[in-house]
Amino acid sequence: MSIKRSLARIAQTTPRRLDVASVRGALPGQRRDTDHGELHLIDEYLEAHHHHGRVPIAEALHVSTERLAQLALDPSLENVDFRRALFLDTETTGLAGGTGTVPFLIGIGWFEDQSMRIQQLFLPELGREAPMLHWLRERVQESSCVVSFNGKAFDWPLLRNRFVLNRVRAPVLPPHLDLLHCARRVLRSRLKSVRLVELERRVLGMYREDDISGALIPQLYFDYLGGGDVSPLAKVIEHNANDLIALAALVAQLVSHFDEVRGADDPRDHLAYAKLAERTGDRARARSFADAAARGGGESACTVEAYMLNARMARRGGEVDDEERALLEALQAADDEEIRAVVQLALAKLYEHRRKDLERALEHAAGTMLAEGEDAAERRVARLERRLASQN
Amino acid sequence: MPPSLASGVAQALHQRGIRDLYSHQVRAFELASKGKHVVVATPTASGKSLCYNLPILQALASDPTATALYLFPTKALSRDQEEALRALMRDADLSVGAITYDGDTPNDARRAARQRAGVLLTNPDMLHAGIMPHHTGWARLFSNLKYVVVDELHTYRGVFGSHLANVIRRLQRIARFHGSSPTFLFASATIGNPREHASRICGEPVELIDESGAPAGPRQLIVYNPPVINAELGMRQSYIKTAVRLTQDLVRAGVPTLVFGNSRNGVEVMLKYLRDRLARDKIDPSAIHAYRGGYLPQTRRRIEGALRDGEIRCVVATNALELGIDIGALDAVVCAGYPGTMAGLWQRFGRAGRRRDLALAVLVSSSNPVDQYMARHPRQLISAPIEHARIDPDNIEILIQHLKCAAFELPFEPDDVYGDVPDDALGEALDYLADNGVVHPTSTAAGSIYHWASDSYPANNVSLRSASWDNFVIIDVEANRTIAEMDWRSTHTMLHEQAIYQHEGGQYQVERLDFDNHKAFVRRVKPDYYTTAMTHSKVTVLEQDQGATVALGEVSLDAALGDVSVIEKVVGYKKIKFHTHENVGYGEVHLPEMQKHTTAFWLTFPEDFVQSRPEPRAVVVDALRGLSKAMHVVGAVGLMIDPRDLGRTLGSRNKDDASPVATKSLYGAPPGKGQGPGFDPTIFLYDTVAGGIGLASRLFEEREELLRRARNLIESCECTEGCPGCIGPDASSDDEPEAARRRLVLGLLDAVGVSATH
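These figures come from a predicted structure and were not determined experimentally. (Residues numbered from 1 in each chain as written. Chains lettered and ligands numbered in written order. Predicted model: local features only at pLDDT ≥ 70, side-chain atom pairs only at ≥ 80, totals over all residues.)

Trainee: It is not clear to me how the overall build of chain B should be interpreted in this structure. Could you clarify?
Mentor: Helix and strand content of chain B: 23 helices and 28 strands. The 758 residues of chain B split such that 52% are buried. Contacts spanning at least 24 positions in sequence make up 72% of the contacts within chain B whose residues lie at least 6 apart. (Helix = DSSP H or I, 4+ residues; strand = E, 2+ residues; numbered from the N terminus. Buried ≥ 20, exposed ≤ 12 C-beta atoms within 10 Å, placed from the backbone. Contact = placed C-beta atoms within 7 Å.)

Trainee: I tried to follow the overall build of chain A on my own but got confused; where do I start?
Mentor: Within chain A, the secondary structure is distributed over 16 helices and nine strands. Relative to the 2.2 N^0.38 estimate, which gives 21 Å for 392 residues, the radius of gyration of chain A is 28 Å and therefore markedly larger than a compact globule would have. Projecting the C-alpha coordinates of chain A onto the three principal axes gives extents of approximately 100 × 60 × 40 Å. (Rg over C-alpha atoms; globule rule 2.2 N^0.38 Å.)

Trainee: What should I look at first to understand the interface of chain B and chain A in this one?
Mentor: Buried accessible area, meaning the area lost when the parts come together, often serves as the stated size of an interface. Of the residues lining the interface, 32 residues belong to chain B; the matching set on chain A comes to 29 residues. Of all elements in the fold, only α16 (396-409), α17 (423-435), β16 (439-444) and β17 (447-452) of chain B reach the threshold of two or more residues within the side of chain B that touches chain A. No other element matches the six residues that α17 of chain B contributes to the side of chain B that touches chain A.

Trainee: Even after reading the chapter, I still don't get the pairing of β17 of chain B, so can you show me in this structure?
Mentor: Where a strand is regular, its side chains alternate between the two sheet faces. Residue and element names in this part refer to chain B. Of the strand pairs in this sheet, β16 and β17 are connected by six bridges, and their pairing is antiparallel. Its bridge partner lying in β17, Thr 442 is registered against Ile 449. What sits between the antiparallel neighbours β16 and β17 is a turn of two residues. (Pairing = 2+ DSSP bridges.)

Trainee: Looking at this structure, I do not really get the sheet that holds strand β5 (residues 145-150) of chain B. What am I missing?
Mentor: Across a sheet, paired strands are connected by hydrogen bonds in the backbone, their directions being either parallel or antiparallel. Residue and element names in this part refer to chain B. As summarised here, the arrangement of the seven strands in space is β3-β4-β2-β5-β6-β1-β7, forming an open sheet in which the pairing is parallel. At either end of the open sheet lies a strand with only one pairing partner, and these are β3 (98-100) and β7 (207-209). Looking at each pair of strands side by side, their axes are set apart by 15° on average, direction ignored. Summarising the sheet, β5 and strand β6 (residues 183-187) pair through four bridges and their orientation is parallel. Opposite Val 149, over in β6, you have Leu 185 as the bridge partner. On top of the sheet, helix α2 (residues 23-33) reaches β1 (38-40), β6 and β7; it is set at about 165° to β1, its chief contact. (Axes fitted to C-alpha atoms, helices over the stretch in contact; angles between N-to-C directions.)

Trainee: Any chance you could explain the confidence of the model for chain B here in plain terms?
Mentor: Regions with low pLDDT carry predicted coordinates that are not meant to be interpreted in detail. All names here are of chain B. Mean pLDDT over chain B works out to 84, with 88% of the residues at or above the 70 mark. Averaged over each element, pLDDT in chain B is lowest for helix α12 (residues 297-309) (73) and highest for β5 (98). In the predicted structure, residues 656-676 sits below a pLDDT of 50 and forms 35 contacts with residues beyond four places in sequence or in another chain. Counted against residues more than four places away or in other chains, residues 731-738, with its pLDDT under 50, gives seven contacts. Two numbers describe this predicted complex: its pTM, 0.79, and its ipTM, 0.86. (pLDDT = per-residue confidence, 0-100.)

Trainee: Just checking my understanding: could you explain unusual backbone geometry for this structure?
Mentor: Residues and elements named next belong to chain A. Positioned with a positive phi, Arg 167 is a non-glycine residue whose angle comes to about 55°. Within the secondary structure, Arg 167 sits in the loop between α4 (151-165) and β9 (176-178). Phi at Asp 210 takes a positive value of approximately 60°, unusual for a residue other than glycine. For Asp 210, the location among the structural elements is in the loop between α6 (196-204) and α7 (217-225). On the basis of neighbour count, Asp 210 is assigned to the exposed category, with 7 C-beta atoms found within 10 Å.

Trainee: I tried to follow the sheet that holds strand β12 (residues 288-291) of chain B on my own but got confused; where do I start?
Mentor: Residue and element names in this part refer to chain B. Taken in spatial order, the six strands make up an open sheet running β8-β15-β14-β11-β13-β12, and their pairing is parallel. Both edges of this open sheet fall to β8 (219-224) and β12, since each of them pairs with a single strand only. Here the strands of the sheet are splayed against their neighbours by 15° on average, with no regard to which way each runs. With six bridges connecting them, β8 and strand β15 (residues 359-364) associate as parallel partners. Counterpart to Leu 221 in the pairing with β15 is Ala 361. Docked against the sheet, helix α10 (residues 239-252) engages β8, β11 (257-260), β13 (314-317), β14 (332-336) and β15, running at close to 165° with respect to β14.

Trainee: Sorry if this is basic, but what is going on with the environment of Leu 39 of chain A here?
Mentor: Residue and element names in this part refer to chain A. With respect to the helices, strands and loops of the structure, Leu 39 is situated in strand β2 (residues 37-45). Each C-alpha atom, one on Leu 39 and one on Glu 129, is 8.8 Å from the other, the two residues being 90 residues apart in sequence. Dropping the residues within four chain positions of it, Leu 39 is found in contact with Arg 32, Thr 34, Leu 121, Pro 131, Met 132 and Trp 135.

Trainee: Honestly, the nonpolar core in this entry has me stumped. Any pointers?
Mentor: Across soluble globular proteins, nonpolar side chains show a tendency to be buried alongside one another. Residues Val 147 and Val 251 of chain A together with Phe 186 and Met 270 of chain B are the most contacted members of the largest nonpolar core, which totals 331 residues. The leading source of residues in this core is helix α8 (residues 231-259) of chain A, at 15 residues. Those residues within four positions of Val 147 of chain A in sequence are excluded, and the remaining contacts are Ala 85, Leu 86, Phe 87, Leu 88, Leu 177, Leu 179, Leu 247 and Val 251 of chain A. (Core = buried A, V, L, I, M, F, W, Y, C linked by C-beta atoms within 7 Å.)

Trainee: How do you make sense of helix α11 (residues 264-280) of chain B when you look at a structure like this?
Mentor: For an α-helix, 3.6 residues make a turn, and residues three or four places apart therefore share a direction. End to end, α11 of chain B covers 25 Å across 17 residues, agreeing with the expected 24 Å (1.5 Å per residue, within 8%). For α11 of chain B, the tally of buried residues reaches 13 of 17 residues, placing the bulk of the element in the interior. (Expected span 1.5 Å × (residues − 1).)

Trainee: Where do I start with helix α3 (residues 130-142) of chain A in this structure?
Mentor: With 13 residues, α3 of chain A ought to run about 18 Å at 1.5 Å a step, and its terminal C-alpha atoms sit 19 Å apart, in line with that. Regarding α3 of chain A, the residues found buried are Pro 131, Met 132, Leu 133, His 134, Leu 136 and Val 140 of chain A.

Trainee: Explain the packing of helix α9 (residues 267-279) of chain A against helix α11 (residues 300-316) of chain A here, please?
Mentor: Each pair of packed helices gets described by two things: the angle between the helix axes and the distance between those axes. All names here are of chain A. Axis separation between α9 and α11 bottoms out at 10 Å; the angle between their running directions is 25°. The pairing of α9 with α11 is recorded here as roughly parallel in orientation. In terms of crossing hand, the pair formed by α9 and α11 is left-handed. Each of Pro 267, Arg 268, Leu 271, Ala 274, Lys 275 and Glu 278 in α9 lies in contact with α11, whose residues at this interface are Cys 302, Glu 305, Ala 306 and Leu 309. Its residues assigned to classes, the contact of α9 with α11 comprises six nonpolar, no polar and four charged. (Parallel < 35°, antiparallel > 145°, perpendicular 65-115°, else oblique. Left-handed = near helix turned anticlockwise from the far one by under 90°. Nonpolar A, V, L, I, M, F, W, Y, C, P; charged D, E, K, R; others polar.)

Trainee: Before we go on, may I ask you to explain the pairing of β12 of chain B in this structure?
Mentor: All names here are of chain B. Side chains Ile 288 and Ala 290 of β12 all project onto a buried face; the interleaved residues His 289 and Tyr 291 project onto the opposite face, where all are buried too. As paired elements, β12 and β13 share four bridges and run parallel to each other. Within the sheet, the bridge partner assigned to Tyr 291 lies in β13 and is Ala 317.

Trainee: Help me out: how do you make sense of the packing of helix α10 (residues 283-294) of chain A against α11 of chain A in this one?
Mentor: Residue and element names in this part refer to chain A. Contact pair α10 / α11: the axes reach a minimum separation of 8 Å and the direction vectors enclose 155°. Comparing the axis directions of α10 and α11 gives the class roughly antiparallel. In the packing of α10 onto α11, the handedness of the crossing is left-handed. Only Cys 302, Thr 303, Ala 306, Tyr 307, Leu 309, Asn 310, Met 313 and Arg 316 of α11 make contact with α10, whose side of the interface consists of Arg 283, Ala 286, Arg 287, Ala 290, Asp 291, Ala 293 and Ala 294. Taken together, the residues of the contact of α10 with α11 break down into nine nonpolar, two polar and four charged.

Trainee: It is not clear to me how the environment of Asp 74 of chain A should be interpreted in this structure. Could you clarify?
Mentor: In this structure, Asp 74 of chain A sits in the loop between α2 (65-72) and β5 (85-92). A sequence separation of 165 residues divides Asp 74 of chain A from His 239 of chain A, and the C-alpha atoms of the two residues are 29 Å apart.

Trainee: It is not clear to me how the confidence of the model for chain A should be interpreted in this structure. Could you clarify?
Mentor: Looking at chain A as a whole, the pLDDT averages 91, with 94% of positions reaching at least 70. Below a pLDDT of 50 lies the segment residues 12-23 of chain A, which in the model reaches 14 contacts outside its immediate sequence neighbourhood of four places, other chains included.

Trainee: Explain the environment of Val 164 of chain A to me, please; I cannot follow it from the model alone.
Mentor: Within the element layout of this structure, Val 164 of chain A appears in helix α4. Between the alpha carbons of Val 164 of chain A and Thr 99 of chain A there is a distance of 9.7 Å; along the sequence they are 65 residues apart.

Next comes the structure, spelled out in structure tokens:
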């Protein structure tokens, strides 16, 4: 079978492609000539006091970068000038990744004084990415850091592919703050989903109206390429701009609530911040967030965990009284056998090794079985009894 | 040693006791170093891997940024080679590493592979779905790519080979984009056309090295035809049992022996018999082991190890061992049945005598026609040409799938090249994809550029190994664990409900087949029988491409070539008693039909002619079925192909009166027997590979010769009434005179003017 003849046969029943000459509406934005070719650019400023939900986005200008670095577990963010941060989000022809997935709308945003400036680079026709990529490259190089949502795993690898494919030198990426990972660490214990829309509703108090579903976006672009209506793309452009604004609001929210304890926050958030502070060695902050979490009136498991964290901090600081107090409070708050056993194990060790109070150690050792297993618990009791006997 | 060889590389060879290279290794080194594509087709154990390793080590020694890509057909092979290659590279003081990249590679090693590997070992499937669609992340590898090694070239035939050729076309496009133009180094076991095959795979001329400079010990070849036990029916003693008896003698005499069967079932039956019999000689059953593709990797590794250490004295295998895994020397090979191809037979025989001592290779012929043909012409084994590996990279279904993947990888530019596909055909294929909305053309002054424009990852929808169906897992319900996997196509015949599934010498009955979730649930049983499936196929003509008249005598026949739809269905199964091989029962099977489109050659006998014969219509139709069988045999032998690559059926060329798929044929009458008058009986011979790889068209071209050779076969057969070696045993009922059947076929051939060639 020759290729042409076989093709003719299988092609008989296939649809013809849309007539490209059909009328198109107008896209938002303008064409702009650059050194590297023509660009389709949507360029706008937000007002200085723009709020996203209940968060004034300009607060992002004042975040503590020390806290930001802790939140991201990334020391390279500590000394960045966050006023020169670049917010980045792309809309793509699919989620599959790889060389065949094209970002057809690259949204970038940054602050100029108190206002956020948003530029969206739209790909009017496949194959004309080079001017967009040059534009993006310049913006990235002028920035102190890049802020994205899942950009480490998705947007940036995709853009890096585009730089290689279009033979445009990729910019050296400054520190990259991926808010998906930050949001996960802080909020996953109380939110089932940490998708951006979910975070907007639950954390920022923002409810988008008439937002387009992400799953439909690739097809809308293909329809446009095939000569279909452009008006649905205006919705995609608006969706992308909202995502960029949400990034600024989210970073402001997550960092400012980490900077100082806010009594009204959920104790689970306090606990998550306490753990973050513990991981980054910020013992004082860990203790104040753990205190807030313990006193927040949350569920027993959260309260106990907060006290235990506090006890841990106190032990590392050599503050035995504080450790003892925190553990006894944890024991009181525990409403579950297994959790009690964990607390009692910590108490048994405290009394045996630091307080040298073998009797009280023995009292608690009686309840550690569920935490360390039958054999270990029996050995512990036996050892304590032996030591007590030799003392007397 | 070539004088130009880098001192580190020479030193690594010295450490292995290699002072001189064989002549073929030197030649490969010289050609490859000049950038010539090379195929090395020398016998097993002649040091083929050094032929491709040396030029690559040399390249890495002189340029530490250079890279090479090794392709092996299985994961196990790349792991084996990785170890050896790493040691060689270390001893040659090379600073770069070799890394295997496949589905089992952990994440951090994947990163290392992208960033640092000098040699990347992988398989075509991974290259196709895991590497090339992300080639931008492999820019270092592709932009410095000096060599591509394709080992075990002979395994890439048919569909798999046609896929590989397209994978290579894509690889060449990507390399071009990154500014490299790699040299291809192929290694192949014996095939008839290594140079042509390699050059079809890479689309460019290739230098052939097929003269081995390595010594080889003498080998005795024996063809053993089991004795006739029923002369009337042409029945011989079971070849399985005969192979078992011969093997038993060898093992008893302390000769390490490798036994090959042609099916999984055959292997398991032989394993059971061997263990049973050798137990009487106090030989531990664990010294006899099975080895086949369906085993999980850990099991295979364990067997390979035990074989090397001598704990295992006999291995019963399907062709899994053909793939060059190093199991050391074995003194004897017994093939139970001809594997279907000369190349396959020699790959099995090549397993005997890896040392200089005398080795033994035995072929026990089955009652299959091709086997009997070989048994009657044993000299064929040493004089007949070896089969050609055939592929069709332009098979439209395969080509279109890979063009999608290629467009995903890089847009097609106006001057783009895709292997040796002509520009206009490439343009039309891309327009076809554009019409279907998966690529989007943009116009430029030079012509259209085609961009991938779909929200999908096309490589995930293309499986290189078969028609893209997943494996089924086989779960032992008692132990609640997976014991094996099986390819979708075998499922219908091996895992239907009530089937006896044989695994490592034990029997399991299939209790439930969960078709949607690709699971078969089995339970260990101890039956005194095993099962074989009965299948039926129906062919419907979709379109005739070429037609011709065969007018050799007073009656002329219509011959044609065209596209057909083939529906295959498992209609039931037989229970076969162990040891006696009696048929002890039947059962029904309810499974979905399998449908495919392919190319067929067909030959129609006009109904008027059938009616004009004095014999009853059903008898004439049955005789034509016998003729089709003979044509199938001589067709497969003539094309030097595996008979399983060619399908055969008798039906009607008209859609309307096509007989329904027979389901009530379990109790005697063959399928289609009830076909009433009014249709023109038609013999179909078709490519079993979907889309076809060109076998049917060769048969169409040689149609008259095919009929003459069929007559030759029937006339020269020693049987009286038709036997499995010619037109098949008589399938008609007892009241019809059997002896007439063979004469009738010859009479029909007389009537249409087919005389034997002399």
